[in-house]
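Structural description and commentary
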Amino acid sequence: MLAGLLPALIAWGAGVIEALQAASTPALDAFFTGVTLLGQEPLFLLLAPILFWCVGKRCGLRVAGLVVATLCVNEALKAWVAEPRPFLVHAAIQAKVLARGYSFPSGHAQLSATVWPVLAARAGRRWFTALAGVLIVVVAFSRVYLGVHYPHDVAVGIVVGLLIAALAMAAEARLCPLLGPRHAETLLVLGIAGAAALLAALIERDVLLVLGGALGASGGWLLEERLLAARLVRGPRPCAARILLGGTLLGAAYLAIDRWAGAGALALPLYALLGCAATLGVPWLFVRLGLMAADRGAPCSPLGQRGSP
């Protein structure tokens, strides 16, 4: 069925892209080039530790797990359908940003539709839900405008992302009370590790940062819960200080690894250390500086969180 529909969808979608690019301007090109960055993996990998430090440990780890899980599904679908990018098939379509791999479904649209609804559900604010919806739609549209996806690529990406988000929230709501804190945290770590292994088998591009970072972060979290159990010091100033200091340290470490190791054999363990630093090393530093507080004796809440949502 899909094979029969694709030619018609591709032909129609190519016309849509050509019409959009015929009306393009340098200002729109710059705007949508910036917008499309909001759907890339590095943004969500940066968002995960910020949530871990400022909102709650479980929230940060949930985002990391969602990124890995949705990438697994996306890469499996891309390998199955094997649809070429629009600019590779239609000479009139210009790729305004770099894009590799297959086209269907859109990873940017799927990733945005996976993560933002989960965060919106946690926030419980109408304005945040509306903002999340706008981000999903605008990121998806940017991929079509920039000539790297057909409209059906982003539409299916959004649907798949929303399904993954719904399944993740339903599974957490049902499993956590049944398993208890200790078994739930073990299941989360095993789930991230299994998804990372599957992603490594499926993917044909450099995702060492995603793989190593997710594995290291989940392992570091388990150690942190047992050795430190840091809890948040509330307030805008401590939060801003944690973001500034932690982001600077992890950003400098990432640039050093990227420049020195690249995609070589040492990259994966180094990125795993980077992930471990985000959930163990940096919180330890925050405790030493008074930006977080150790709480080793506090009782565990769901998923092993001591005083942290």
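The paragraphs below set out a description of the structure included in this document. (Residues numbered from 1 in each chain as written. Predicted model: local features only at pLDDT ≥ 70, side-chain atom pairs only at ≥ 80, totals over all residues. Heavy atoms only, no water.)

**What to know about the nonpolar core**
Ranked by size, the top nonpolar core spans 25 residues in total, and within it Phe 44, Val 63, Val 67, Val 115, Trp 116 and Leu 119 carry the most contacts. Sorting the residues of this core by element identifies helix H3 (41–54), helix H4 (57–81), helix H6 (107–123), helix H7 (126–145) and helix H10 (208–227) as the ones contributing at least two each. Setting aside its immediate chain neighbours within four residues, Phe 44 contacts Leu 38, Gly 39, Val 63, Val 67, Leu 111, Ser 112, Val 115 and Trp 116. Membership of the second largest hydrophobic core comes to 19 residues, among which are Phe 52, Cys 54, Leu 228 and Tyr 271. (Core = buried A, V, L, I, M, F, W, Y, C linked by side-chain atoms within 4.5 Å. Buried < 20%, exposed > 50% of the residue type's maximum accessible area, 1.4 Å probe, protein only. Helix = DSSP H or I, 4+ residues; strand = E, 2+ residues; numbered from the N terminus. Contact = heavy atoms within 4.5 Å.)

**Some details on the environment of Leu 71**
Note that Leu 71 resides in helix H4. Spatially, the C-alpha atom of Leu 71 lies 8.6 Å from that of Gln 110, the residues being 39 residues apart in sequence.

**A word on the pattern of salt bridges**
Throughout the structure, instances matching the rule amount to three salt bridges. The salt bridge partner of Glu 225 is Lys 57, with a shortest N-O separation of 2.9 Å. A residue pair is termed long-range when its members are at least 10 positions apart, and Glu 225 in helix H10 and Lys 57 in helix H4 qualify at 168 residues. Comparing Glu 225 with Lys 57, the two get one shared label, buried. (Salt bridge = Lys/Arg side-chain N within 4 Å of Asp/Glu carboxyl O.)

**A word on H7**
Taking 1.5 Å per residue as the helical rise, H7 with its 20 residues ought to reach 28 Å, and the 28 Å between its terminal C-alpha atoms agrees with that figure. One or two positions beyond H7, positive phi appears at Gly 147, with a value near 80°. (Expected span 1.5 Å × (residues − 1).)

**Focus: the packing of aromatic side chains**
Inspection of every chain in the model, using the stated rule, returns eight aromatic pairs. Their ring planes at 55° and their centres at 5.3 Å tell us that Phe 32 and Phe 141 sit as a pair that is tilted. Of this pair, Phe 32 sits in helix H2 (residues 26–36) while Phe 141 sits in helix H7, and the two are 109 residues apart along the sequence. Using a relative accessible area of 10% as the deciding quantity, one classes Phe 32 as buried. For Phe 141, a relative accessible area of 36% corresponds to the partly exposed category. Between Phe 32 and Tyr 145, the ring centres sit 4.8 Å apart and the planes meet at 40°, which makes this aromatic pair tilted. With Phe 32 in helix H2 and Tyr 145 in helix H7, this pair connects stretches of sequence that are 113 residues apart. (Phe/Tyr/Trp six-rings, centres within 6.5 Å; stacked < 30°, edge-to-face > 60°.)

**Side note on the environment of Leu 250**
Positionally, Leu 250 belongs in helix H11 (residues 236–260). Separated by 204 residues in sequence, Leu 250 and Leu 46 place their C-alpha atoms 9.1 Å apart. If sequence neighbours within four positions are ignored, Leu 250 has contacts with Pro 49, Trp 53, Leu 274, Ala 277, Ala 278 and Val 282.

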